[in-house]
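Chain by chain, the residues run as shown.
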Amino acid sequence: MIEVKNLWKNYGENVVLEQLNVTVAEGDFITMVGSSGCGKSTFLNLLLGTEQLSRGELLINGKPIASEPGPERGIVFQQYSLFPHMTVLENIMAAKAFERKGFTGYLFGKAKREAKSAAEKLLKEVGLEHALKKYPHELSGGMKQRLAIAQALLGKPKILLLDEPFGALDPGIRAEMHQLVLNLWREHGLTIFMVTHDLKEGFYLGTRLWVFDKTRHDPQAPNAYGATITYDLPVSKNSNYENLLSLTK
Amino acid sequence: MKRLINLKPSKPLAFALGILPFFLIAVLYVINSNARLAENADDKLLPPVSKMADAIERLALEPSKRSGEYTFWIDTASSLKRLGLGVLCAAALGLLFGIFTGAIPLVKSGLSPFLTVISLIPPLALLPILFIVFGLGELSKVVLIVIGIFPFIARDIQRRAEEIPNEQLVKAQTLGANTSQIIVRVLLPQLMPKLIDSVRLSLGAGWLFLIAAEAIAATDGLGYRIFLVRRYLSMDVILPYVAWITLLAFIVDQLLALLNRKLYPWHSQGNR
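None of the values given here were measured: they were computed from a predicted structure.

Definitions and cut-offs
- Residues numbered from 1 in each chain as written.
- Chains lettered and ligands numbered in written order.
- Predicted model: local features only at pLDDT ≥ 70, side-chain atom pairs only at ≥ 80, totals over all residues.
- Heavy atoms only, no water.
- Helix = DSSP H or I, 4+ residues; strand = E, 2+ residues; numbered from the N terminus.
- Rg over C-alpha atoms; globule rule 2.2 N^0.38 Å.
- Contact = heavy atoms within 4.5 Å.
- Areas by Shrake-Rupley, 256 points an atom, 1.4 Å probe, with all protein chains shown as cover.
- Lys, Arg positive; Asp, Glu negative; His and termini not counted.
- Charge placed at Lys NZ, Arg CZ, Asp CG, Glu CD.
- Expected span 1.5 Å × (residues − 1).
- Buried < 20%, exposed > 50% of the residue type's maximum accessible area, 1.4 Å probe, protein only.
- Salt bridge = Lys/Arg side-chain N within 4 Å of Asp/Glu carboxyl O.
- Pairing = 2+ DSSP bridges.
- Core = buried A, V, L, I, M, F, W, Y, C linked by side-chain atoms within 4.5 Å.

**Digging into the overall build of chain A**
- The number of helices and strands found in chain A is seven helices and ten strands.
- The C-alpha radius of gyration of chain A comes to 19 Å, within 12% of the 18 Å expected for a compact globule of 249 residues.
- Considering only residue pairs separated by 6 or more positions, chain A has 68% of its internal contacts joining residues 24 or more positions apart.
- When the accessible area of chain A is evaluated, it comes to approximately 11,900 Å², of which 51% is carbon and sulfur surface.
- The average position of the 29 basic charges and that of the 27 acidic charges among the side chains of chain A differ by 6 Å.

As structure tokens, then:
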């Protein structure tokens, strides 16, 4: 369970998030929408641990969230999250090596053979078995993201953070990726937070949709007030999102 | 007629255009050399090509009457040894400094201002100190090359390390990697091709410091030779030596570029 209690985030005078109060149950799929610069990525970074909150509390199972990234929270970025100097297979095997304690992050002998066969099995599951020896720059956008998602799940995170993961993909590929994410979410019992610009995607994938917006405006000082969650909509899979769409307007 | 900026040469034309300046220089040289020689057959300033060939034949193919050694090859070997050793040490030191200042903010705060100041010291001004401290032997020449180019390599590698997208470092952390694993598996392999690029860029300076050191105190070496024969106005030796140094520099540069392509195929293409 994730609890957010009166959370504020500001950079000096510039308030980004204010008065955030929300509770997330395990297994929720939260999609976050809102205009650019309204703090949804900042909130994701707070969850990730790359940004620190200014005031309030952010608790995971009753404990304050770690102040640096760690294996309990997986992440898929829009781009750059693969290691460009490793082949597809090595990208997955490296993740296996990082799990273990050690100085170099390389695997040797038996551990290496085991990691290799496990990686090959996993890559088969996500449909990349024919691209084992390819480097990331040789993959299509969809294949890259598939690999990034597979890699992110290797740390066995309970929470998966997705930062506009499909923003750069073609619509057809996107639908494929939606199925992949939904399957993995159910299979692994993940709690997912996903930032998206696509409202339709947000309604389709999520069990809860959050809209980030500013409730207070000061025309003299546009940065004096931050954004918060203005709508927290439960989405059931059979509800008509068109109705909800009109509701948000 | 297309605009000039849209005209692209075909392959043979591009090759011909590339050769042209070299050809023009050669023709200019021969014309002027002939003109001077017509006035004074003993002119030393622009010797004929045949005389340069004689000089190199004497130095490269016949043992020296004094020492019995092949001067040209001894010079080449000595210079390449000094340059290679100096550049190798500078690259190793630069990589070490660069990777740690680039990856660890605490180390950066401690070393970055120091490195900036070091890089501002003109290395040649340190040469007398090096001669005093390390003597006139090989060590002082190698150390001059190291001091001359290592700050550049270190700062370049630091910048390159900082350029690696933060997303990769975050991703590695979410997979459970610790600091040393991130340095060894994520940063180091991506910085190796950058290091080779950096070495290629600093080789010019490396040659400069090598020749300067050899000119001042040495008993062999390409730089020593051209400064030695300058006393006798031996342009017939100096010009081929300069051409030879240039050729060596070109070959080393191309070999490093080839090495980069062979070892790091992911680097030259796409790069993401």
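**Focus on helix 4 (residues 141–153) of chain A**
- Taking 1.5 Å of rise per residue, the 13 residues of helix 4 of chain A would be expected to cover 18 Å, and the 19 Å separating its terminal C-alpha atoms lies within 8% of that figure.
- In terms of burial, helix 4 of chain A is a largely internal element, eleven of the 13 residues being buried.
- Burial in helix 4 of chain A covers these residues: Gly142, Met143, Gln145, Arg146, Leu147, Ala148, Ile149, Ala150, Gln151, Ala152 and Leu153 of chain A.
- In this structure, the buried side of helix 4 of chain A is in contact with strand 6 (73–76), helix 2 (88–99), helix 3 (109–125), strand 7 (159–163) and helix 5 (171–188) of chain A together with helix 7 (166–174) of chain B.

**Quick look at the pattern of salt bridges**
All names here are of chain B.
- Tallied over the entire structure, the rule returns 20 salt bridges over all chains.
- Two residues, Asp253 and Arg200, come together in a salt bridge whose shortest N-O distance is 2.9 Å. Of this pair, Asp253 sits in helix 10 (residues 235–263) while Arg200 sits in helix 8 (residues 179–216), and the two are 53 residues apart along the sequence.
- Beyond isolated ion pairs, a larger network of salt bridges with shared partners links Arg82, Glu138, Glu214 and Asp220.

**As for the pairing of strand 8 (residues 191–195) of chain A**
Residue and element names in this part refer to chain A.
- With five of five residues buried, strand 8 is to be regarded as a mostly interior element.
- With four bridges connecting them, strand 3 (residues 29–34) and strand 8 associate as parallel partners. Bridging across to strand 8, Phe29 finds its partner in Ile192.
- Sheet topology note: the strand 7/strand 8 ladder contains five bridges and is parallel. What sits directly across from Asp163, in strand 8, is Val195.

**Quick word on the nonpolar core**
- Counting 103 residues, the largest nonpolar core has Phe29, Phe98, Leu123, Leu147, Ile149 and Ile192 of chain A together with Trp207 of chain B as its most contacted members.
- Each residue touching Trp207 of chain B, except ones within four places of it in the same chain, is listed here: Leu80, Leu83, Leu222, Ile245, Leu248 and Ala249 of chain B.
- Within the second largest apolar cluster, 30 residues are counted, among which are Leu7, Leu20, Met32 and Ile75 of chain A.

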